[in-house]
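The primary structure of each chain is shown beneath.
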Amino acid sequence: MKALIPHNETERLQALRQLHILDTPAETAFDALTEIAAQISGAGFAALTLIDQERQWFKSTFNFCTQQNSRDDSFCSHAILTPSQLTYIPDARHDPRVADNPLVTGPDGIRFYAGAPLMLRDNLALGTLCVFDTKPLNLTAAQQKSLMQLADQAVLLMNNRLLQQQSAEQNLHLQQEKNRIDAIINGTNMGTWEWNVQTGHTVYNQYWYGILGLDPQVQSDVEIWRSRVHPEDLPIASTALDQHFAGVSPFFDARFRMQHHQGHWVWIHAVGRVMAWTDDHRPLLMFGTHRDITQERLQQQEMQRTRSHLQAIIDSSTEAAMISTDIHGVIRLFNPGAERMLGYRAIELVGISTPAILHDPDEVRARAAQLSAEYQLPIDGFDVFVYKARHGTSETRQWTYIGKNGERKQVRLSVSAICTDQGEISGYLGVAIDITQLEQLHHALLLSEQRHRSMLENLPGVVYRCINDANWTMLFISDEVEKLTGHPARSFIRNKKINFAELQLAEDQPLLREIVDRDLTNHARFSVEYRIRHASGAVRWVQELGRGIYDPNGELLYIDGFIWDVTAQKEVQLALRAGEQKLASLYQLAPLAILLSQFDSGEILNVNPQWYELSGLSDEIPALPLPTLLSFNQIQLEARQQALASNASFGPIELELSHVEGQQIPVLLSEVLIQNASGTAQVWSIIQDITERRRVEQMKNQFVSMVSHELRTPLTAISGALGLISGGALGPLPDAMQPMLQIACDNSEKLTQLINDLLDIDKLVAGKMQFELQDCSVRDLLTQSVRHNQPYADKFHTRIVLEPGPDAMLLLDPMRFHQIMANLLSNAAKFSPPGSVVAVRTEKIAQMLRISVQDQGPGIPDNFRARIFEKFSQADAVDARQRGGTGLGLAIVKELTNRLGGEIGFDSVTGHGSCFYLEFALDQPGEENNAGALH
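Nothing here was measured: the structure is a model prediction, and the numbers come from that model.

(A) Expanded view of the overall build of the chain. Regarding its fold elements, the chain presents 27 helices and 33 strands. Buried residues in the chain amount to 40% of all 935 residues. When contacts within the chain are restricted to residue pairs at least 6 apart in sequence, long-range pairs at least 24 apart make up 54% of them. Roughly 52,500 Å² of accessible area belongs to the chain as shown, and the carbon and sulfur atoms make up 54% of that amount.

In structure tokens, the structure reads:
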């Protein structure tokens, strides 16, 4: 009977999942326990089982290989119901819990079972350590106790295994956290320090020493820092420390200079915090970082100088009116040029008015109407002046300015957006000049610059101008260089941060410089390919075209050039080269003869070494076409030409090759049609020596024939004797002997059938089977076959039905046709579920008559379909033994069908049955009728 579900099933399954042991590979420790359990109990089989929700899974097995089975059939499902005691069944046939279990009632059923529960905690039994046998056994009390102790050991093993997994995961997590913190610290390019304030002992990381150009020291203290702080900055840093120690500031935060090992000063931004205090609240341990801000300070100073320079330019630009506003249009800058042009003082407008006061209202309204029509939305007010600039387009156009005294001036006003470093608009700048020749020149230059920039942005590479020195010092380089190298263009200008030569691989530089110097000396353009290292570390191939720019005396001033990424093309070239080398090696070393020939003429162009060994010819390319060297007949030659022309392939086909010494060598030929680079059709021919295969097949066929003939006579005598005994010719038989005698008779019949099949297939292969052909009604033959095979189908509770369909008169051998149908119908009956119908149909397709047998069985596995008509082929050996069969039936069916002039095929959908069909040509129209179904 089916075992009950434990009251704590949910908790039990949760505990089982937490062990992470289900569906894991076998482990030696558990295998040792099952083997010991079998030895202690004397049972033939042992297992360590785990009861899952729907299955019983075996972590370890002894003397059998099953991985899992249904929980409903599991003995151990009963054992876990009593988690604190051994489930002991000396003879399962007499135990009501399992007496009806299919594992007991089936062949070689289980008789003895003992299962020690694997109790984790609180009566949670996850499975058992069990032993069982196909014969009854009795265990002593000592043996039962040993099994329970081994089960306890198995639980300990499972717990230890889980602890090891958890420990490994925790160690991995801790290492990942450490690596992450190290990566964060290294990625910030900061020096770190740990300072024991009371002892002075200080630990600095390697980057801290690198900032100052120092070598790391094993023993270090805070005096290393104090001794290198600039004397003017030390009081500032000390004050910041004291304030932090006193609790005035939560952090120590200071900027100061420190002396580099080479003597110059490095600006440092220090941040730190006390992380531990003494009992009397004095600072004990302090941690912090040092960041090199020298470049930031230099940039700030440069920005300050730039601002001063720009202010000087603005103040000195008396010929141009410069007016800037915030994003709302309020004037924030009104330079002296604007004061001079318009008569207003800056103090009168800055922070008070918008530029609208300077414009002609009618002109503003007209421009507003133009923009509104252009963009299909209302535009007015301050947006009239800045709408395009706000959307990324600087605008220069003619406006009328009205001065304080009412004087009207025509100006050329350029309006652009002022953006922050983050790209956000913070205001607008308008530059206006009188329309003069200077304005026109400026406009022309602006257009030229825009064209030049647009051209550079659309080029798929880097444009540059450099000096011809060792570093290729860049005077100009386009922004595309960042995509190519990972470094921004500004880093290359006059080698500010990096020079282009540093990116070139050292091994490429000598040849590169040689080519460039040679072509520059000859005043010629140069073209080179070389490798560079991207900022990410990746290596890229680039191609560079360049030319020298010379003064009137022929002296080289600088180099103009263009560089683009050719990595993809180079990788393709290298891959093609590697592929060609591999194919060449395969061609030379292949154990098959390979030939290349012209398709049209058959002229052999090339052969590999194996050809000479196979043919016995000397090391010369054969002068004759390949077909003349092989045993082609005219039909095969025509089929070859047609197959190559239409399908670009031919074969495989078995032929014979004429050896130079006169013997004929059996070979297997396969060919494929290709086109070379010039479009000429050529043929690759692959020839395999099948001499050994032919010899093995001949030996196998001779052996099968000999064994079949030698076994048939004694087996006939055995079958006859068994039939006489079973029929009572020698007197009544004891009841106990009848089943064994019946088994012997059945097996004798199976052996007879096997030998008959072997003899049939031997005759078919040898071409010795006789056929008595005559005109036959297909429907009549099918009616007889259905009637003859229905008794066999009854054994499987299957019904064979001949459905209505067309009839035809075919030239057939009735006996062999019945043999074909008997194989197909018996297979269909065997593999159909009880109560199902095997349908036999006839139908006309074009000029063919199709006879099909449709079953409702499990279908044919995909991995077996290619071998289904081979001799001794069976999809499932276990299933075949249960249902019977030799594996020769379909091979015989195929040979017989082909000898009768037909073809056999099949359709199958896994899980939805199979349909085998025979097709015969309707050379002569036969009578057709729609016969009724035969049941």
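(B) Main features of the nonpolar core. Counting residues in each nonpolar core, the largest one holds 40 residues, and the members touching the most others are M821, L824 and L918. No other element matches helix α25 (residues 814-831), which puts 7 residues into this core. Apart from the residues lying within four places of it in its own chain, the contact partners of L824 are V853, L890, V893, F916 and L918. Ranked by size, the runner-up nonpolar core spans 32 residues in total, among them F112, V131, A151 and V155.

(C) Focus on the pairing of strand β15 (residues 408-419). Strand direction decides the pairing type here: strand β14 (residues 395-402) and β15, joined by 8 bridges, are antiparallel. Counterpart to E395 in the pairing with β15 is V415. The antiparallel pairing of β14 with β15 creates a hairpin that spans 5 residues between the two strands, and G406 there sits at a positive phi of about 90°. In the sheet, β15 pairs with strand β16 (residues 425-434) via 9 bridges, with the strands oriented antiparallel. In the strand pairing of β16, S416 is matched with L429. The hairpin turn running from β15 into β16, its antiparallel successor, is 5 residues long, and G423 in that turn takes a positive phi close to 90°.

(D) Local environment of a nonpolar patch on the surface. On the surface, a nonpolar cluster with roughly 270 Å² of combined accessible area is contributed by M275, L285 and F287. Looking at the secondary structure, you find M275 in strand β10 (residues 265-277).

(E) Representation of the side chain of E395 within the structure. Within the element layout of this structure, E395 appears in strand β14. When near neighbours in sequence (up to four residues on either side) are disregarded, E395 contacts R367, F385, K388, L413, S414 and V415.

(F) Region of interest: the sheet that holds strand β25 (residues 664-675). Read across the open sheet, the 5 strands follow the order β23-β22-β26-β25-β24; overall the sheet is antiparallel. Here the strands that pair on one side only, and so sit at the sheet edges, are β23 (604-607) and β24 (649-658). Averaged over all pairs of adjacent strands, the angle between strand axes in this sheet comes to 25°, irrespective of strand direction. Sheet topology places β25 next to strand β26 (residues 681-689); 9 bridges connect them, and they run antiparallel. Bridge assignment links L668 to a residue of β26, and that residue is Q688. Sheet strands touched by helix α21 (residues 634-647): β24, β25 and β26. Its angle to β24, the strand with the most contacts, is close to 150°.

(G) Region of interest: the pairing of strand β20 (residues 539-550). Here 8 bridges tie strand β19 (residues 526-533) to β20, and the two strands are oriented antiparallel to one another. The residue of β20 that forms the bridge with S527 is L545. Counting the residues in the hairpin turn of β19 and β20 gives 5 residues, including G537, whose phi is positive at 100°. Bridging between β20 and strand β21 (residues 556-565) involves 9 bridges; their strand directions are antiparallel. Of the residues in β21, the one forming a bridge with G548 is I559.

(H) Representation of the environment of W277. As for its placement among the helices and strands, W277 is situated in strand β10. Residue classification places W277 among the partly exposed residues on the basis of a relative accessible area of 31%. Taking the C-alpha atoms as reference, W277 lies 10.0 Å from F245; in sequence the two are 32 residues apart. Apart from residues lying up to four places away in sequence, W277 is in contact with F245, R282, P283 and L284.

(I) Main features of the packing of aromatic side chains. Under the counting rule described, the total for this entry stands at 20 aromatic pairs. Aromatic side chains F58 and F64 sit 5.4 Å apart centroid to centroid with 90° between the ring planes, which places their arrangement in the edge-to-face category. Here F58 and F64 have matching classes, each one buried. Grouped by ring-pair contacts, the aromatic residues F45, F58, F64 and F132 constitute a single cluster. Of note, R297 hangs over the ring of W267, and the distance from its end group to the ring centre comes to 3.6 Å. Over the aromatic face of Y917 sits the side chain of R850, whose NZ or CZ is 3.8 Å from the ring centroid.

(J) Local environment of the packing of helix α12 (residues 361-375) against helix α13 (residues 383-390). Between α12 and α13, the shortest axis-to-axis distance is 10 Å and the interhelical angle comes to 35°. Contacts between α12 and α13 pair V364, R367, A368, L371, E374 and Y375 from the former with V384, F385, Y387 and K388 from the latter. Of the residues in the contact of α12 with α13, the class split is 7 nonpolar, no polar and 3 charged.

(K) How the structure looks around the sheet that holds strand β5 (residues 112-119). With antiparallel pairing, the 6 strands of this open sheet are ordered in space as β3-β2-β1-β6-β5-β4. Strand pairing shows two members of the sheet lacking a second neighbour, β3 (68-70) and β4 (87-89), which therefore form its edges. Going across the sheet, the axis of each strand differs from the next one's by a mean of 25°, ignoring polarity. Here 6 bridges tie strand β1 (residues 45-51) to strand β2 (residues 55-62), and the two strands are oriented antiparallel to one another.

(L) Examining the side chain of T294 more closely. Note on placement: T294 falls in helix α9 (residues 294-316). Of the polar contacts made by the side chain of T294, one reaches the backbone nitrogen of W267; its length is 3.0 Å.

(M) Structural detail: the packing of α25 against helix α27 (residues 889-899). Interaxial distance between α25 and α27 falls to 10 Å at its minimum, and their mutual angle equals 145°. The two elements α25 and α27 cross, and the hand of that crossing is left-handed. Within the contact between the two elements, α25 uses R816, Q819, I820, N823, L824 and N827 and α27 uses G889, L890, I892, V893, L896 and T897. Of the residues assigned to the contact of α25 with α27, the class counts are 6 nonpolar, 5 polar and 1 charged.

(N) Structural view of the environment of I418. Along the chain, I418 falls in strand β15. When residues no more than four places from it in sequence are discounted, the contact partners of I418 are S324, E424, I425, S426, G427, Y428 and L429.

(O) Region of the structure containing the environment of L212. By the secondary structure assignment, L212 is in helix α6 (residues 206-212). What makes L212 buried here is its relative accessible area of 1%. Considered as a pair, L212 and H264 are 52 residues apart in the sequence and their alpha carbons are 9.4 Å apart.

(P) Inspection of α21 at higher detail. The end-to-end C-alpha distance of α21, which contains 14 residues, comes to 19 Å, matching closely the 20 Å that a straight helix rising 1.5 Å per residue would cover. Here α21 has its buried residues at R640, A643 and L644. The buried residues of α21 occupy an angular sector of 95° when the element is viewed end-on, so they sit on one face. For α21, the exposed residues lying more than 90 degrees away from the buried face are Q634, I635, Q642, A645 and S646. The inward-facing, buried residues of α21 abut α20 (626-629), β24, β25 and β26.

(Q) Structural view of unusual backbone geometry. At the junction of G651 and P652, the peptide bond is cis and its omega measures out at 0° in the coordinates. As for its position among the elements, P652 is in strand β24. Within the chain, R494 stands out as a residue other than glycine whose phi angle is a positive 50°. With phi around 55°, A846 is a residue other than glycine that occupies positive phi space. With respect to the secondary-structure elements, A846 resides in the loop between β30 (837-845) and β31 (848-854). For A846, a relative accessible area of 66% puts it in the exposed group.

Rules used throughout
Residues numbered from 1 in each chain as written. Predicted model: local features only at pLDDT ≥ 70, side-chain atom pairs only at ≥ 80, totals over all residues. Heavy atoms only, no water. Helix = DSSP H or I, 4+ residues; strand = E, 2+ residues; numbered from the N terminus. Buried < 20%, exposed > 50% of the residue type's maximum accessible area, 1.4 Å probe, protein only. Contact = heavy atoms within 4.5 Å. Areas by Shrake-Rupley, 256 points an atom, 1.4 Å probe, with all protein chains shown as cover. Core = buried A, V, L, I, M, F, W, Y, C linked by side-chain atoms within 4.5 Å. Pairing = 2+ DSSP bridges. Patch = residues over 30% accessible without salt bridge, like charges linked within 9 Å, V, L, I, M, F, W, Y side chains within 5 Å. Salt bridge = Lys/Arg side-chain N within 4 Å of Asp/Glu carboxyl O. Axes fitted to C-alpha atoms, helices over the stretch in contact; angles between N-to-C directions. Phe/Tyr/Trp six-rings, centres within 6.5 Å; stacked < 30°, edge-to-face > 60°. Lys NZ or Arg CZ within 6 Å of the ring centre and 35° of its normal. Nonpolar A, V, L, I, M, F, W, Y, C, P; charged D, E, K, R; others polar. Polar contact = N/O pair within 3.5 Å; in protein donor to acceptor, adjacent residues only side chain to side chain. Left-handed = near helix turned anticlockwise from the far one by under 90°. Expected span 1.5 Å × (residues − 1). Arc of directions from axis to C-beta.

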